[in-house]
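Descriptive analysis of the structure
Single-letter residue listing:
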Amino acid sequence: MGFEMTMSTATEESAAAAAVAGERVGVEIYPLSRYYFGVRDVAAGGGSGGGGVRETAADRAIRLKANFAAHGLRTTVHGVLLVELFDHPHLLLLQVRNSSFLLPGGRLRPGEQDVQGLKRKLSSKLSLVGHQDDEDEDDKWQIGECIGMWWRSEFDAVPFPYILPNTRAAKECIKLFLIKLPVSRQFVVPRNMKLLAVYGPIIAGIPNLLSKFSFNIISD
């Protein structure tokens, strides 16, 4: 099962050789102090992070069933963004309404490719413009390899890293991609969200997914 990459041929060959040799692939991580953070108004209708009326669990179930009937399998893509803080890799997570923590990303449109859809969602969540169709902004994201994939057998089921044997039709596929951050950039999030650098088991499975990488922390 292949995924579109934005890696150069030389980088792909180097990563493949490292994998064959059992070596850990290097990932450069830059200090949190090199990044700038701001806020912007929530998009009309709450499209950028749910700024509108809160959706009930029953309403969400109805919406997901209707979407599945119309478009089939729901695919969501999320970015893993790493920075250095206190000499440790930290994960950038969106905190929504001071409660839940989320990886930036979201649902693909019907027929949309993984990488292009993730670029669009990252721009809508983390960029100054906040538009989901700004191609110039989308091109600034460097999407690395897919590091994890999960499946939901039902709309409210716990995701598994495989399709359960008794599943007639999986309802959702969840994919995680490693994002290669530049030396510096600006992150701008909707006012109803916060972008936090988190260390620890907030997203419990990610440290295991990242264990095959060797972190090269670039200090100031």
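Definitions and limits used
- Residues numbered from 1 in each chain as written.
- Predicted model: local features only at pLDDT ≥ 70, side-chain atom pairs only at ≥ 80, totals over all residues.
- Heavy atoms only, no water.
- Helix = DSSP H or I, 4+ residues; strand = E, 2+ residues; numbered from the N terminus.
- Buried < 20%, exposed > 50% of the residue type's maximum accessible area, 1.4 Å probe, protein only.
- Salt bridge = Lys/Arg side-chain N within 4 Å of Asp/Glu carboxyl O.
- Core = buried A, V, L, I, M, F, W, Y, C linked by side-chain atoms within 4.5 Å.
- pLDDT = per-residue confidence, 0-100.
- Contact = heavy atoms within 4.5 Å.

Here we come to the environment of Ala197. Of note, Ala197 is situated in strand β11 (residues 193-198). By relative accessible area, Ala197 is classed as partly exposed at 26%. Separated by 107 residues in sequence, Ala197 and His90 have C-alpha atoms that sit 5.5 Å apart.

It is worth spelling out unusual backbone geometry at this point. With a phi angle near 55°, Phe86 is a residue other than glycine that sits in the positive phi range. Looking at where Phe86 falls in the secondary structure, it is placed in the loop between β4 (82-85) and β5 (88-96). Although it is not a glycine, Asp87 adopts a positive phi angle of roughly 65°. Note that Asp87 resides in the loop between β4 and β5. Taking the relative accessible area as the measure of exposure, Asp87 reaches 64% and is therefore exposed.

For the structure on display, the rule yields 7 salt bridges. When the shortest N-O distance is used, the salt bridge between Lys175 and Asp114 registers 2.8 Å. In this pair, Lys175 sits in strand β9 (residues 172-179) while Asp114 sits in helix α3 (residues 114-126), placing the two residues 61 residues apart along the sequence. The burial state of Lys175 is the same as that of Asp114; both residues are buried. A salt bridge links Arg152 to Glu172, with the shortest nitrogen-to-oxygen separation between them at 2.9 Å. With Arg152 in strand β8 (residues 143-152) and Glu172 in strand β9, this residue pair connects regions lying 20 residues apart in the sequence. For Glu172, a relative accessible area of 9% gives the class buried. Each member of the salt-bridge network shares a partner with another, and the members are Arg74, Arg152 and Glu172.

Right, let's talk about the nonpolar core for a bit. Judged by nonpolar contacts, the single largest core of 23 residues is most densely connected at Leu81, Leu126, Trp141, Leu181 and Phe187. Among the elements of the structure, β5, α3, β8, β9, β10 (186-190) and β11 are those that each provide at least two residues to this core. Per-element tally for this core: the top contributor is α3, with 4 residues. By size, the runner-up hydrophobic cluster in this structure holds 15 residues, among which are Val80, Leu82, Leu91 and Leu210.

To continue, consider the confidence of the model for the chain. On average, residues of the chain score 83 in pLDDT, and 79% of them are at 70 or above. Taken together, the stretch residues 1-20 has pLDDT below 50 and engages in 23 contacts with residues farther than four places along the chain or on a different chain.

A few words now on the environment of Ile163. As for its position among the elements, Ile163 is in the loop between β8 and β9. Exposure remark for Ile163: the relative accessible area of 43% places this residue in the partly exposed category. Sequence-wise, Ile163 and Arg152 are 11 residues apart; in three dimensions their C-alpha atoms are separated by 7.5 Å. Filtering out sequence-adjacent residues up to four positions away, Ile163 remains in contact with Trp151 and Ala170.

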